Amino acid sequence: MSSFIPGHFDGCPPPLGEEPSHPERPQDPGQTNLMISEMQQVALNTILAIIYFVITLLFRFVTDSVLDPLDDTLPALGEEPSHPEHPQDPGETYLDGVEQVVITAIRATLHSTRIDDFPQASRATDIILGLRRIPAGFHVVVKTDGAECQTSSKPVHVDQAVVEWNERILLPREPSSKVRVSVYASFELGPMLCHGELLHTFDSSVGELLDRSEKLHPIIFQFKQEKVVSSCTALFMTVEQRRSDGNEAAVLCPLTTLISGEMDALVLRTDAGHRLLARYCRTQNSRDLDQSIKHFERASDLCPMDHPCRPVALFNLATAKLVSCGTRPDLDIPITLFQDALDLRPTGHPDRPVTQLHLAIALLSHFAKQGFQTDADAAEELLSEVRDVCHANSHIHRAALLAIKISTLRPAGITDANDSGQERPAACTLPLSPSQLVDLAERCLRRDDPHALDEGISLHYDALRYYSTMHAHRGTLLCNLAVMLHTRFERRGNSKDLDQAVTLHYDALKCYNIMHARRGKLLCNLGAMLHTRFECQGNSQDLDQAGALQREALALRPVGHPDRSMSLNNLANQLSASFDHRGNGADLDQVIALHREALALRPVGHPDRAMSLNNLANQLSASSDHRGNDADLDQAIVLHREALALRPVGHPDRTTSSNNLAILLSTRFDRRGNDEDLDQAIALNRETLALLPVGHTHRPWSLNNLANRLSARFDHRGNSEDLDDAIALHDEALALCPVGHTMRSSSLNDLATLLSTRFNHRGNDEDLDQPIALHREVLALLPVGHADRSISLNNLANRLSDRFKHRGNEADLDQAIALHREALALLPAGHLGRAFSLNNLANQLSIRFVHRGNGKDLDDAIALHREALALLPVGHLSRAFSLNNLANELYNRFNHRGNDEDLDDAIALQREALALRSVGPTDRSMSLNNLAVQLSARFDHRGNGEDLNESRENLRCALTLLTPYDPRQLQVHWSLAKVYLSSYGSGPGQVEDTDSLNVAMHHLKAAANVVSGGFLPRLQASLHWVRRARQHSHSTELEAYATSMQRLDAYMSATASVSSRHNVMKDFPNTLAVDAASCALRSGDVHRAVELLEQGRTLIWTQMARFRTPLDSLPEALTKTFRDISSLLDKPPANHPEGTPGVDDVEAEASLYRRLVEDWNRAVEDIRKIEGFSRFLLPPLFSDLQDAARDGPIIILVASKPFCNAIIIPHKQPPTSIQLPSNFEKLQRLVLALQRATQQEASPKGNQPALTKALRELWDDVVRPVVKNLGGFARPGSRIWWCPTSVFTFLPLHAAGEYRRHGQFLSQLYISSYTPSLTALMRARRGRDRALSVTFAAIGQNRPAGHSFTLDCVEPELELVRTLLPPPPIVSFTKITSDHATKSRALRALQDNTWLHFACHGTQKYDEPFKSAFLMRDQPLSLLDITQTNLSQHEFAFLSACETAVGDPSTPDEVIHLAAGLQFAGVKSVVGTLWRVTDATVQHLVEEFYTNFCMDGAMDSTRAAEALRLAVRSLASNKDIPLDQRIVFMHIGV
């Protein structure tokens, strides 16, 4: 037993959420916390403990998993199933021609635990676990359709692996019929009053059981500890289909209908009694025991003398009465009841042996208390008969044998220590003897039994009241009681126990004078407890007093004393804690000196040398962390290697040494970035894990450490396999830590942390929600008063804050703040963690202020930061960190309210923080930057040139401190740009102003090109460069736009999901591409304008196309490498732990970024080698893009605020740019006018004057100027393609015209089509194999889910399409409508057919455009579903639905709608709608379209545009169709 010295003992697992270096604390020879007196009765007490526990707990064989009834209320019959598996039921079909489904055989696989596998003398509690639940047999219950059938109960033996039933059970013939199969352990082989103990339940169906039987798939149950001695682990059922032979009644078990109203009260009472008894065994709530006895008494009353179940009822009542003897010392009643039951079970009765066994145990217990030899003789006779009757390999035989052995060792009349105070006669007031108390204390500390520990503490208090202050053993009792209280504190976290333990140790110390041999041990233990209290309560006096006690203990052990090395070690540990608290380097130096002296006392060959090497190595590691001295770290690694060499494979402490060495190698990797160190650390962790097989106590700890190393390697190299492996290891560790396990909370915490990391890496929402659920479970395991509850509250709050940042749900932020407040309330003034808790709460309040603008949150954050700063005095390692935080919040309040005092205070705090960061380039550079930013702000506010000059000099200095690959360069360059812009605005002369502006642009350009800065910060810097260059008309404006295009493309490439890309686009200017093109047009570079437009528009579709089918030829590993490294580069710069990092830290970080950048560049170059990817992440070249116009000119419409342009791109000739007689605001008004006009009903004459006016304006301002310039590029009647941008995407360009008699209309001059981008049109023209037969699917849904309307024209429309298409074999036609038109079937039709016609209701979701959908019978077929489908071989789609070609106003240049989605997914030619379309319009247009489309019996998707123009022209003569319906359809693609 340890001596309660603070820190880790050799081989112990690490604490929650950390991996400390595991300093080792060797035990003093002969030193224990429990000072055992040399009494002759110790052996008898051990025997006494064993026999008592056998007697009191043998009968508690009812499992803990049985449902709890409520008081006297009789519980319901059914139990909740354990659901080991949940396979899907087969489809709803009947078994044709089958008249019966029969279970013909059941085979159960058992896992047995032998009773005598447990030690008999040293671990009495384990013996009881083996004896407490011995089943007489097993049986299976099958329930279906309100009926139940139960097999016979089959007995089992110790080594029996299988039990079989060949009893036939009739099942319903419908495959969907539900079946519940339950396995029970019964405790009688004769008539049973209830089912027994439920072991496992499996819910299934008849169809699934048939399938399992055919495939020989057993039902697998998870093995559970604490079940009965033999537990069922698997069940195989043979199920057959057969015809009735007319004789089934003779061979099949009848199904008995269960009707609750006819349930036998006797069964209900018995069930209730068993369940309450089980709950009492778990909770020790005496009320449950009383209720259990009442139920059994009532059950007994219902069984008169001739009732067949009377022996069972008597036996159950006797069992409960015997258990109650733990609180009521009357054994006569249970003995009488057992005897009556035995009398009713004559020789040959199957349950006679188990009755004899229990009666014998009761008699032995009576003999132990009263000493009547007749009881012992009768018990011996009963046990002998049991042995003679029962099979030698049965559990009952083994139990009887064990009881006989114990009874021969136990003298009569000795009361067990655990019985004392409860089972003594009332007249007896004597406490246990000191040796009995020591024995009891040892057992309490060895077992994790709260009730036993409480009882042991109570008995010690009783003894102290009896033994006077002069008693020789009082000091021993005080010390042992203190140890038990300390143990209870560690298990439950009640600080009162710790305070009382300290007080008792002080009292014990008074019992031993300065010369007493035990005084040194007491001083060590008291020092350790004071240290524990300091860690929990933060009182520095406890820390100082602990150190003083350890010094006194060392003084009692001079040079030559055998325990001097131990005291040196203890004092060193105490001073180490003082260093951690105060940061005094002198303490650390003394710690190292003490450990060196201790090591010198343990030369080569000393058994404790490895421990000393370990402890010295750990302190040298701490010194290296504190001072940045790599020599200390290297020496520590050398010492750990020597310690490991002293512990070869097979040494019990090798795992600790290998783990500690792995930790330091990992630390050195963090500083220097040497891959070999990290790989070696992982290898050591793998070795450690291999030495701890499944079942080993420390395996979860080892799994955790290996997982953390793999997580570190993932952070370094970006290999997702390392991250997934780490999560899998944490999953395994958690599975080994069930509820109640001491490491469960830490395992939950570690798994949650890595899942959060994976969320940050991949963006999977499940990985965002699951950590929160895990942290909630951790919190539930740490009730109020637990020492770690504040840490758990903090962790949960941080994850909720992360989710708020991702989803914006304010409830998450509010809950995070509430949790931080609760955590803070648990850390009173003086607690070590209070300052950090104050900081965490302040940060969340600051976030809420930014989100809501509530000044009170900002004020509260500042007050909290002030309090945190007050707790971190001068010299504290974290003071600079706290100064910086407070300064930043004051600066925020200045920006919010303009109070000069806040700005001055912020600058003063930043100056103090800077003074504390004299060493360490990274932290100092950031302090210089922060101070510079605030000085610059004060210059802008007051105009003091000294502030601006100091700001500039600080930033220049900060830049020189940073390595070329440090990501913080970006921030400093950005700050320098701001300073020079401020100088430009205030300079006295034009020359100086121009210079300042040029320097500012230089720094913004540099910020955008800091490769290690991350994709998002670089993109933000480039956009800031764009704004400033445009604001000042600087010559770098076009370069800034081009850089921004590249940065946006790269950032989107690293974004995994389609929906997340769309959300990303919302955060950036939606006119970026057109503004860039306008800039190029202003400079006269039309080619560059087209290239920038193509690069900056339809980014989401471009990314999908880039990583879609063409990547089939690209190795999957290459794509994965690119995304993984991109994710790592996109992470914000790491925050160093408080304290100043050494030079090696900075160099290691720079090395890491340098390597990542090189790897990323290599991956990009490898991708560019793939055909079709030569311009990957490079802007497209105009020479390539011009090929899109090979079948007709393309007109790009550019709408920017300065002016609007049209660019005509012919195939071989130079492009032409035309400035249009319109502007951005005018176009916006035109879009609104058109939207209102299309929503207005036509007049009785069919006129729509508002729409006509808008279309005329569209002709005059946009289309006519283009038509005037098309003559040289396109002949009349030929095809042209429109590629609109920005607001142009919402205009029906194809419908523009003069709308007067003999006026011009675009549709009369040219055949108009649209394309979202030039690249999209080029992809659609790619050659593909022509199918011999056209596969055409017509998909219609007239009654979509969730809507009350019916589309009556859907069926006639699809039938019309069928009649107009060429007949087979030219066209293979498939129609899916009505109930068959579900989402899954529509998707299948989409994949299997290359020509499509949709007739259904369409919806456009402007807030989430990828949820725009065709409405099907069950679920919507969304745009996201379509984009995830490969349609690369598809030719044509007609979308007869509303709003299928309308984009998202927030991201118009992304062109996100159903028609575009189909084209980008691979469909060459698509017809869609701009707004709502009527049934009448659809019927007329569909008929005209397909008539023209298929006029010669051939199918050619390139004729769709011409067919649509002819169909629309035919509608013009129909006055019943209003204008808005004649122009609603548009064509996209080839």
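Coordinates for the structure precede this section.
Once a new chain begins, its residue numbering starts again from 1 and follows that chain's sequence as written. This being a predicted model, a pLDDT of at least 70 is required before a residue's local features are given, and a value of 80 or more before pairs of side-chain atoms are given or counted; all residues contribute to the totals for chains, interfaces and linings. Heavy atoms from the whole structure form the basis of all side-chain values; hydrogens and water molecules are not counted.

(A) Quick look at the overall build of the chain. We count a stretch as a helix when DSSP gives it H or I for four or more residues in a row; a strand needs E for two or more, and each element gets its number in order from the N terminus. Across its full length, the chain holds 57 helices and 25 strands. Burial classes follow relative accessibility: with a 1.4 Å probe on protein chains only, a residue under 20% of its type's maximum area counts as buried, one over 50% as exposed, and anything between as partly exposed. The buried share of the chain, taken over its 1534 residues, is 57%. What makes two residues a contact is simply this: any of their non-hydrogen atoms within 4.5 Å. The contacts in the chain between residues at least 6 apart in sequence include a share of 71% that link residues at least 24 apart.

(B) Highlighting the pattern of salt bridges. The rule for a salt bridge is simple: a side-chain nitrogen of Lys or Arg has to be within 4 Å of a carboxyl oxygen of Asp or Glu. Scanning the model with the defined rule gives 69 salt bridges in all. We note a salt bridge from Asp1261 to Lys1226, for which the minimum N-O separation is 3.0 Å. With a gap of 35 residues between them, Asp1261 in helix α48 (residues 1249-1268) and Lys1226 in helix α47 (residues 1224-1239) connect regions that are remote in the sequence. Since its relative accessible area comes to 26%, Lys1226 is described here as partly exposed. Across the pair Glu1298 and Arg1264 runs a salt bridge, and its minimum N-O distance is 3.6 Å. Of the two residues, Glu1298 is situated in the loop between β15 (1279-1284) and α49 (1306-1309) and Arg1264 in helix α48; the sequence distance between them amounts to 34 residues. According to the relative accessible area criterion, Arg1264 is partly exposed, its value standing at 28%.

(C) Quick peek at the packing of aromatic side chains. Stacked, tilted and edge-to-face are the three classes assigned to paired rings of Phe, Tyr and Trp, where Trp is represented by its six-membered ring and a pair needs centres within 6.5 Å; plane angles under 30 degrees give stacked, over 60 edge-to-face, the rest tilted. Going through the model one piece at a time under the given rule, you end up with 15 aromatic pairs. Residues Trp1395 and Phe1493 carry aromatic rings whose centres are separated by 6.0 Å and whose planes lie at 45° to one another, so their mutual orientation is tilted. Placement of the pair is Trp1395 in strand β19 (residues 1395-1399) and Phe1493 in helix α55 (residues 1479-1493), with a sequence separation of 98 residues. Exposure remark for Trp1395: the relative accessible area of 4% places this residue in the buried category. Joined through ring pairs, the aromatic side chains of Phe1336, Phe1373, Trp1395, Phe1436, Phe1438, Phe1489, Tyr1490, Phe1493 and Phe1529 make up one cluster. Lying across the ring of Tyr980, Arg952 places its NZ or CZ 5.4 Å from the centre. Look at NZ for Lys and CZ for Arg. If either is within 6 Å of the ring centre and within 35 degrees of the ring normal, a charge sits over the ring.

(D) Quick look at helix α15 (residues 495-510). When the terminal C-alpha atoms of α15 are compared, their 23 Å separation across 16 residues agrees well with the 22 Å that a helix rising 1.5 Å per residue should span. By the burial criterion, the buried members of α15 are Asp497, Leu498, Ala501, Val502, Leu504, His505, Ala508 and Leu509. When α15 is viewed along its axis, its buried side chains cluster within an angular range of 170° and face the same direction. Pointing more than 90 degrees away from the buried face of α15 are the exposed residues Lys496 and Lys510. Each polar contact in these results corresponds to two N or O atoms within 3.5 Å; when the atoms are within protein, one needs to be able to donate a hydrogen and the other to accept it, and residues that are neighboring in sequence are counted only if both atoms are side-chain atoms. Capping the start of α15, Asn494 holds a side-chain oxygen 3.0 Å from the backbone nitrogen of Lys496, two or three residues further along. Working rule for helices: expected span equals 1.5 Å times residues minus one. Think of the arc as the fan of directions from the helix axis to the C-beta atoms.

(E) Region of the structure containing the environment of Leu970. Inspection of the secondary structure assignment puts Leu970 in helix α36 (residues 969-986). When neighbours within four sequence positions are excluded, Leu970 is seen to be in contact with Ala1007, Val1010, Gly1013, Pro1017 and Arg1018.

(F) Focus on the pairing of strand β24 (residues 1469-1473). Judged by how many residues are buried, β24 sits mostly within the fold: 5 of 5 residues are covered. On β24, burial covers both faces: Ser1469, Val1471 and Thr1473 on one face and Val1470 and Gly1472 on the other are all buried. Only strands that DSSP links by at least two bridges are regarded as paired with each other. Note that strand β23 (residues 1436-1440) and β24 share 3 bridges and pair parallel. Following the sheet pairing, Phe1438 is matched in β24 by Val1471. As judged from the 5 bridges shared by β24 and strand β25 (residues 1529-1533), these two strands associate in the antiparallel manner. By the bridge assignment, Thr1473 is partnered in β25 with Phe1529.

(G) Examining the side chain of Ser657 more closely. By the element assignment, Ser657 lies in helix α22 (residues 654-672). Looking at Ser657, the relative accessible area reads 0%, which means it is buried. Within the structure, Ser657 has its side chain in polar contact with the side chain of Arg647 (distance 2.8 Å).

(H) Main features of the environment of Ala1274. If you trace the backbone, Ala1274 turns up in the loop between α48 and β15. In this structure, Ala1274 is in contact with Pro1193, Ile1280 and Tyr1310, ignoring residues within four places of it in sequence.

(I) A look at the nonpolar core. Definition of nonpolar core: a set of buried residues of the types Ala, Val, Leu, Ile, Met, Phe, Trp, Tyr and Cys, connected through side-chain atoms within 4.5 Å. One finds Val1263, Trp1282, Phe1414, Phe1489 and Tyr1490 to be the most contacted residues of the largest nonpolar core, which totals 99 residues. Residues within four places of Tyr1490 in sequence aside, it is in contact with Phe1336, Val1361, Leu1364, Leu1365, His1397, Phe1436 and Phe1438. Of all hydrophobic cores here, the second largest spans 93 residues; its members include Ala913, Val972, Ala1073 and Ala1077.

Function-wise, these values are silent; they only describe arrangement.
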